[in-house]
Structure formats: C-alpha cells, structure tokens
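# Architecture at a glance
So the chains spell out like this:
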Amino acid sequence: MTQFLNFLGHMEGNKVFKQSKWPKTLIFEKSTPGRIGYQVPELSSEEEKVLEKAKRTISSDLLRENSPNLPEVSELEVVRHFTRLSQMTYGVDSGFYPLGSCTMKYNPKICDTAASMIDAQNIHPYQPEDTIQGSLQIMYELAKWLAELSGMAGVTLQPAAGAHGEYTGIMILRKYHESQNNLAIKNEIIVPDSAHGTNPATVSMCGFKTIVIPSNNDGCVDIDALRSSVTNKTAGMMLTNPNTLGIFEPNIKEITDIIHDVDGLMYYDGANFNAIMGKVRPGDMGFDIVHFNIHKTFATPHGGGGPGAGPVGVVSHLIPFLPVPSVAYNSTSDFYYLNYNHKQTIGKVRSYFGNFSILLRAYTYILRLGQTGLTRVSEMANLNANYMKAQCARIDGFSVPYGENSSCMHEFVLSAKKLYKETEISALDISKYLLDNGLHPPTVYFPLIVPEALMIEPTETEPKEIIDDFIQVIRNISKLAYSGKKEDIQNAPINTSVGRIDDVKAARDPIISYRMLKKQKKN
Ligand SMILES: *Cc1c(COP(=O)(O)O)cnc(C)c1O
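Worth saying up front: this structure is predicted, and the values here are computed from it rather than measured.

## Examining the overall build of the protein chain
On a plain count of helices and strands, the protein chain comes out with 19 helices and 12 strands. For 523 residues, the compact-globule estimate of 2.2 N^0.38 gives 24 Å, and the C-alpha radius of gyration of the protein chain, at 26 Å, lies within 12% of that figure. Put simply, the protein chain has 523 residues, and 48% of those count as buried. Within the protein chain, contacts between residues at least 6 apart in sequence are counted, and of these 72% link residues at least 24 apart. Entry remark: accessible area of the protein chain is about 26200 Å², with carbon and sulfur atoms responsible for 54%. For the protein chain, the separation between the mean place of its 51 positive charges and that of its 55 negative charges on side chains is 5 Å.

Structure (structure tokens):
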C-alpha cells in the first residue's frame, strides 16, 4: 500500500497509467481445426476449368501442395485478438510520442478517410489512363505543390520512404556527374557527423565514399572542416536542415557555395520539413535535390515499417534524370498522362508510381490546411519545441549542450549527462520511467555527439497540458534520482504490458514470424 501511495505521489494530478497485460498467445496458437470464421462458395464448373488451366500454366515448382498454414479461428477470436494487441501497444492515438527526428505527430483522420475511399481503393495501375484521370490529377498536383513548397522544379513521387528518397536523389546526383564525364573523379560525398545513419548508408549504396565532417561547438557545420574536406573529388554534400540537433544552419549560403564551386550538388535531407514549411525553401537556400518524408510531415501514421513515401524534388537541370514515369498534363486536351520521356532517367525505383494511398493522404492534408495552415504547422512545431527546451533545460541534472541560449526549431537534444554522472540514472532509465507514466520516450543516444542524449520532438499537434505532463515527469525523475529513490526509475517499466527487455537479444536474435518461432521451439 505504501508503495502504491509512493507511486501515486510521483504523479502530478495522480494520473495513473496501466497498460493491459493479456496472455501473449499468438493467433496461430489459438487455432482449432475446423473452427473457421468465413465461408468460401463452391467453385462453379466454369471456375474449376479456369483453375485447372491455371495449374497447367504455372510452373510446377511454384505450385503449393498443401494449403497455407493459416490459423483457424472464429471472427470473434480475430476481433478479440487484435483489440487486445491494440491495448498492449502504444501509438500517437493513445498518447504523447515525442520521438525526435521521426515526427510522430497526430495524423488527421480525414486523410485516412480519403485514402480509404472506394474509388481510390479499387483502381489498378494497369488501367487505361482515361479511366484514372482523377488519380493522375492528384499525383500531378501533389508533385506540383511539393515542388512549390521546396522551391524545386520537378518532383518524383515514386520512392517509398525517406531512405529510398535518399537513394533516388543520390542516384540522380551520380547520373548527373556521369553525364558530365566526371564520375571517375567525383567519388566522395560529404556528410556531417550529426547526420541520420541513412545518409552515409545511402552514400555507400550509391557507390560513393562518405567523408564525415565534425560539427563545431554550436552543433553546426564547421566551415573550416568543410573547406579542408572539399576537393575536386567532391560529388556533393548531404545536409539536414534544421539539423538533427534542431538547429537551423546559419551558414547555409556559404556551405552551398563551397560545394557548388567544385561542381558538387547539394542534397537536402528533408526529414525535418515540418520545421520550415511556408518559411524557407531548400531551393532558395541553394539545394539541388531534396527528399520529403511524407509519412513524417504530411499525415501518414508510421513506425513499424508500414508504407511511407519519400518523394524527391530536383532543380530544373536535373529533371531529365528523374525516375520514370512521372505524371504530366496536356492542357490542350485537358488530359493527365504518364510521361516516360526523361531522357537520362535513372530508371524506375519502385513498381508503378509509388504508394498511392500515402500520396492521397498527403494531398488531402495539404489541401485541407492550405498555405496558411501549413505555415502554422511549422510555427507551432517550433513553438512547442522551444517551450519544452526552456523548461527541460532548467531541471537539475539536465542540459541542452547545443543551442541552450538560442532558439531551436522543431526539436532539441536534451542531455542527461550530469544526472548520469551524479546518480547513475541514464537516458535509457529515463525512457523506461516515461513509459510507466504513459508517455512514449524521446529518441535516445542520438545524435551521437551528445552524451546521454534525449532527442525531443513534441510536434505541432500536442496541446500544452500534455507537454506539461511530460516536463513534470522529467522533473520527478530528477527529484527521485537526487533524493536517493532511484529504484523506481531503475525498475521501470512496471505498468506496461512488457517490462524491461533485453535490447541486445531483441536486435541480434529477432523472432518475427510464426515459422521462426516454431523453428526455435524445435531446437
Ligand atoms: C527519418 C529520417 C530519415 C529516413 O527516413 P525513412 O522514411 O525512415 O526512411 C532520414 N533522415 C532523417 C534526418 C530522418 O529523420
């Protein structure tokens, strides 16, 4: 009882969070032979014939002998299973999710409604163009709006994620240097040490060498380090702006000039686009290529590897290199069509045109908010982050090593270095304790240049009360740690459906399918 009261005492306004703990039975393990929740009609003799013919046409090694091993459960069991799973998980619809860099904001339901319209669901990419004019128009206009928002001349909607957009963009960069007969010399791409891990990975995947440059004391590009790294081998630079510390690069014009002077291209990692919409445009800052994370900025629920979209914008002289097809419009005949005429195209990077339902969400979001709304999104994202930064930086044990005395953009990186040194409470412990309070932790231990980093992005959609709850829990952590009551933090989480997990085992030894589980049980 005392323990319980102690626990309540930690909570502002006595808010108690407890997640459901249902038995962790897989739906496969609930299977009972013959208990089925559906009925399939008998095949007609006509259909039997079609099936027989198909069996003869399909190569025998592709034909399955046994029916697939699907769980046999009733409709009720299916509904309960997934409802319970939803009660054991956590998402933006259940609470605060300030996962820095990932922009886990609330996505208006109207975007899902649009994407689930029957007209949008039942079209097929092989339909003749005259039967999908509406869908083509949506893609055409979305590409145009993204070009406008970023100051680019052309946009491809094909890439399926941010990292995929990076790949597309750097392949365009590669093709550009190839067209200039410079590829033999230009084999290096500069990436700051604060960059997202996908940047250097992309550089390698596209056959370039990553040249990492250190950040200066302000967490920004060190101009001297940049100058001394740039040579005629420099093919370009990938830059995130605002960077992963939530700081807008102050010397952007100088940086882009340095790279352009050696005929390098500037690549803009646009994952943080929600910080600048309607305010500044990468094109005006001197960038040549930019990717958008549609699932971060423009209203698609993400996480867990669901579908996303990472459109890429380019300046006019790079349009010939864009993937095919793009969507074009003939104003004379008022007709939208697929344009395969990009003379030096890098080819296709994905089947068909991209993740259409995700693009439709983005289209709905932009249309719904308009220019004023989008600008306000960025203003609120920045305001929320600055409010949190100012409050958190004051809490004993915490600091903001970069930008403590200046304003940040949409996110900031809090360091628990002092708290860790003085009480052994780490960023990881803090995360687990936040979970116990019904709050998703921030991104931790990233960027690598901040010790005990907590990278916090509140996003524009959170109300002040929720943000205040979070700040209060950080205050409570500081109080508990310094008053010698560390166990509560070190034992957390106890209120979640899953307690502390073995992170290393989870990363090294994942069991992500029933087949893998069965195999493991056999061994
Ligand atoms: C999220 C992110 C990426 C990668 O985007 P995905 O859509 O997850 O592939 C790249 N750079 C930065 C800065 C990011 O935050």
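## As for the domain arrangement of the protein chain
When cut into domains, the protein chain gives domain 1 (23-88), domain 2 (114-368) and domain 3 (378-507). Centre-to-centre, using C-alpha coordinates, domain 1 lies 45 Å away from domain 3.

## Brief notes about a positive patch on the surface
Residues R515, K518, K519 and K522 make up a contiguous surface patch of positive charge. With respect to the helices, strands and loops of the structure, K519 is situated in helix 19 (residues 514-522). K519 sits in the exposed class, given a relative accessible area of 60%.

## Things to note about the pattern of salt bridges
Summed over the entire model, instances satisfying the criterion amount to 19 salt bridges. Put simply, K49 and E46 hold a salt bridge, and the shortest N to O gap is 3.7 Å. Here K49 pairs with E46, and both are found in helix 2 (residues 45-57), just three residues apart, close to one helical turn. Take K49 and E46: they sit in the same class, and that class is exposed. Between D284 and R281 there is a salt bridge, and its shortest N-O distance comes to 2.9 Å. Take R281: its relative accessible area is 26%, and that puts it in the partly exposed class. A single salt-bridge network, built from bridges that share partners, covers E148, R281 and D284.

## Some thoughts on the sheet that holds strand 6 (residues 289-292)
The mixed open sheet is built from seven strands, whose spatial order is 1-7-6-5-4-2-3. Whereas interior strands pair on both sides, the edge strands pair on one side only; in this sheet they are strand 1 (154-156) and strand 3 (209-213). The mean inter-strand angle of the sheet, taken between neighbouring strand axes irrespective of direction, is 25 degrees. The pairing of strand 5 (residues 265-270) with strand 6 spans four bridges and is classified as parallel. Residue pairing for strand 6: G270 is matched across the bridge by F292. Running over the sheet, helix 10 (residues 252-261) touches strand 2 (188-192), strand 4 (234-240) and strand 5 and is turned about 160 degrees from strand 4.

## Focus on the side chain of T364
Among the structural elements, T364 can be located in helix 13 (residues 356-393). Of the residues examined, T364 reaches a relative accessible area of 12% and is grouped as buried.

## Some thoughts on the sheet that holds strand 11 (residues 443-444)
Strand order in the open sheet made by the three strands is 10-12-11, with antiparallel pairing throughout. The sheet is open, and its two edges are formed by strand 10 (412-415) and strand 11, each paired on a single side. Alignment of strand 11 against strand 12 (residues 453-456), held across two bridges, turns out to be antiparallel. Directly across from V444, in strand 12, lies its bridge partner L454. Here helix 13 sits on the sheet and contacts strand 10 and strand 12; the angle it forms with strand 10, its principal contact strand, is near 15 degrees.

## Observations regarding the site of the ligand
The local shell around the ligand holds 13 residues, among which S101, G162, D269, H295 and K296 are the closest. D269 is positioned with one of its side-chain polar atoms (N or O) 2.6 Å from a nitrogen atom of the ligand. Considering the ligand on its own, with 380 Å² of exposed area, one finds that the protein chains cover 87% of that surface. Mapped by element, the contributors of at least two residues to the shell around the ligand are helix 7 (162-179) and helix 12 (294-297). Top contributing element to the shell around the ligand by residue count: helix 7, with three residues. Looking at the shell around the ligand residue by residue, the class counts come to three nonpolar, seven polar and three charged.

## As for the nonpolar core
Ranked by size, the top nonpolar core spans 78 residues in total, and within it L226, M237 and F298 carry the most contacts. In terms of residues, this core owes the most to one element, helix 13, which gives 10 residues. Excluding residues within four positions of it along the chain, L226 makes contact with I190, I213, V221, M237, I255, I258 and I259. In terms of nonpolar packing, the next biggest core, distinct from the first, is built from 35 residues, M388, F398, Y433 and I474 among them.

## Side note on the packing of helix 6 (residues 133-150) against helix 13
For the pair helix 6 and helix 13, the least separation of the axes is 10 Å and the interaxial angle reads 50 degrees. Compared by their axis directions, helix 6 and helix 13 come out oblique. Viewed along their axes, helix 6 and helix 13 form a crossing whose handedness is left-handed. Between helix 6 and helix 13, the contacting residues are S135, I138, M139, E141, L142, W145, L146 and L149 on the first element and F356, L359, L360, A362, Y363, I366, L367 and L374 on the second.

## As for the side chain of E411
Relative to the elements of secondary structure, E411 occurs in the loop between helix 13 and strand 10. Despite its burial, E411 pairs with no opposite charge, the nearest such side chain being K296 at 8.4 Å. When neighbours within four sequence positions are excluded, E411 is seen to be in contact with G100, S101, N243, T244, L245, G246, N272, A385, M455, I456 and E457.

What counts as what
Residues numbered from 1 in each chain as written. Predicted model: local features only at pLDDT ≥ 70, side-chain atom pairs only at ≥ 80, totals over all residues. Heavy atoms only, no water. Helix = DSSP H or I, 4+ residues; strand = E, 2+ residues; numbered from the N terminus. Rg over C-alpha atoms; globule rule 2.2 N^0.38 Å. Buried < 20%, exposed > 50% of the residue type's maximum accessible area, 1.4 Å probe, protein only. Contact = heavy atoms within 4.5 Å. Areas by Shrake-Rupley, 256 points an atom, 1.4 Å probe, with all protein chains shown as cover. Lys, Arg positive; Asp, Glu negative; His and termini not counted. Charge placed at Lys NZ, Arg CZ, Asp CG, Glu CD. Domains from an automatic or database assignment. Patch = residues over 30% accessible without salt bridge, like charges linked within 9 Å, V, L, I, M, F, W, Y side chains within 5 Å. Salt bridge = Lys/Arg side-chain N within 4 Å of Asp/Glu carboxyl O. Pairing = 2+ DSSP bridges. Axes fitted to C-alpha atoms, helices over the stretch in contact; angles between N-to-C directions. Near = heavy atom within 4 Å. Polar contact = N/O pair within 3.5 Å; in protein donor to acceptor, adjacent residues only side chain to side chain. Nonpolar A, V, L, I, M, F, W, Y, C, P; charged D, E, K, R; others polar. Core = buried A, V, L, I, M, F, W, Y, C linked by side-chain atoms within 4.5 Å. Parallel < 35°, antiparallel > 145°, perpendicular 65-115°, else oblique. Left-handed = near helix turned anticlockwise from the far one by under 90°.

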